[in-house]
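# Notes for the structure review
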Amino acid sequence: MNGMRRGALIVIEGVDRSGKSTQCKKLVDSLKAMSVNADLVRFPDRSTHIGGLIDKYLKQKSHLCDEAIHLMFTANRWEKKEEMERLLKQGVTLVVDRYSFSGIVYSSIKKNMKLHWCQEPENGLLRPDLVFLLTLSENEMAKRPNFGDERYENTETQEKVAKAFLDMSREQGDWEVVPADGTIEDVHKVLLERAVKKIAEVERKSIRN
Ligand code: ADP
Ligand code: FDM
Ligand code: MG
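Everything in this summary refers to the structure shown in the same document. All values derive from a computational prediction rather than experimental measurement. (Residues numbered from 1 in each chain as written. Chains lettered and ligands numbered in written order. Predicted model: local features only at pLDDT ≥ 70, side-chain atom pairs only at ≥ 80, totals over all residues. Heavy atoms only, no water.)

Moving on, we come to helix H3 (residues 66-89). An α-helical turn contains 3.6 residues, so any two residues separated by three or four positions project in the same direction. Taking 1.5 Å of rise per residue, 24 residues should cover 34 Å, and H3 covers 35 Å from first to last C-alpha, within 8% of that figure. Along H3, the helix axis deviates most sharply at Lys81, where the bend reaches about 45°. Taken together, the buried positions of H3 are occupied by Ile69, His70, Phe73, Thr74, Asn76, Arg77, Lys80, Lys81, Met84, Leu87 and Leu88. For H3, the secondary structure elements touched by its buried residues are strand E1 (9-14), strand E2 (38-42), helix H2 (49-58), strand E3 (93-97), helix H4 (100-108) and helix H5 (115-119). Looking one or two residues beyond H3, the residue adopting positive phi is Gly91, at roughly 95°. (Helix = DSSP H or I, 4+ residues; strand = E, 2+ residues; numbered from the N terminus. Expected span 1.5 Å × (residues − 1). Bend = angle between axes of the 7 residues up to and from the residue. Buried < 20%, exposed > 50% of the residue type's maximum accessible area, 1.4 Å probe, protein only. Contact = heavy atoms within 4.5 Å.)

What follows is the structure, encoded as structure tokens:
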């Protein structure tokens, strides 16, 4: 008998300040409180060697050409693949703060960076079971605490990113576009309900590449 249930791979994407990190943490906490084995993963993972290079780039302490930094972000996901797969097989649900979609979106909005070229090195990474795209109205976005000093933290980039995420959401299955203007608790309730359903739905299915 194979009684082992696998965990679900759940990704939260969205523009800056849409509440991704807040919601990822709350989702993991609520799942754990319901005795669901769950863990938080975030990309970029700045704790690895590659992640350190990415951190320097984001903090504008180094310059890399657009192609090179794109591949670094992707490599930062590849270096975590084995560990993520092992955890999923052990029954741990992974809640992921940004994934390949951020990688593709933030790079492909740059001049001379083709969407297809940006997508290619992501192929073969673990395929999420569910992707939440958190969206914000312009009005709500203006109310959230100010931009920091990192690269990409400016209105022009964020507008392009928001549009590119929406374009992407129209082409994908397994995506849930969640308006995130409401309170932290309101948004959390929606995510938790859908996540719990998805975890039950995929527990006997194989992990996808
Ligand atoms: P992200 O990870 O998407 O950049 P964060 O979770 O870090 O977003 O949230 C950005 C800021 O907005 C934080 O100060 C957070 O406390 C606040 N915030 C998050 N969700 C909400 C919400 N639903 N309503 C109001 N403020 C929020
Ligand atoms: N980012 C994030 C990318 O450009 N590519 C990626 O693959 C990923 C995962 O890094 F500006 C960008 C998106 C954002 C920054 O910020 C990371 P946070 O605050 O750590 O999510
Ligand atoms: Mg965040």
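So that's the structure; there's more coming.
A few words now on the nonpolar core. Among the nonpolar cores identified, the biggest contains 56 residues, and Met84, Leu94, Val96 and Tyr99 are the most heavily contacted of them. Once residues within four sequence positions are removed from consideration, Leu94 is found in contact with Ala8, Leu9, Ile10, Asp39, Val41, Met84, Leu87 and Leu88. (Core = buried A, V, L, I, M, F, W, Y, C linked by side-chain atoms within 4.5 Å.)

On to the pairing of E1, then. Judged by how many residues are buried, E1 sits mostly within the fold: six of six residues are covered. Going residue by residue along E1, you find Leu9, Val11 and Glu13 tucked away on one face and Ile10, Ile12 and Gly14 tucked away on the opposite face as well. Inspection of the sheet shows E1 paired to E3 by four bridges, in the parallel sense. Opposite Leu9, over in E3, you have Leu94 as the bridge partner. Relative to strand E4 (residues 130-135), E1 is paired through five bridges, and the arrangement is parallel. Along E4, the bridge assignment pairs Ile12 with Phe132. (Pairing = 2+ DSSP bridges.)

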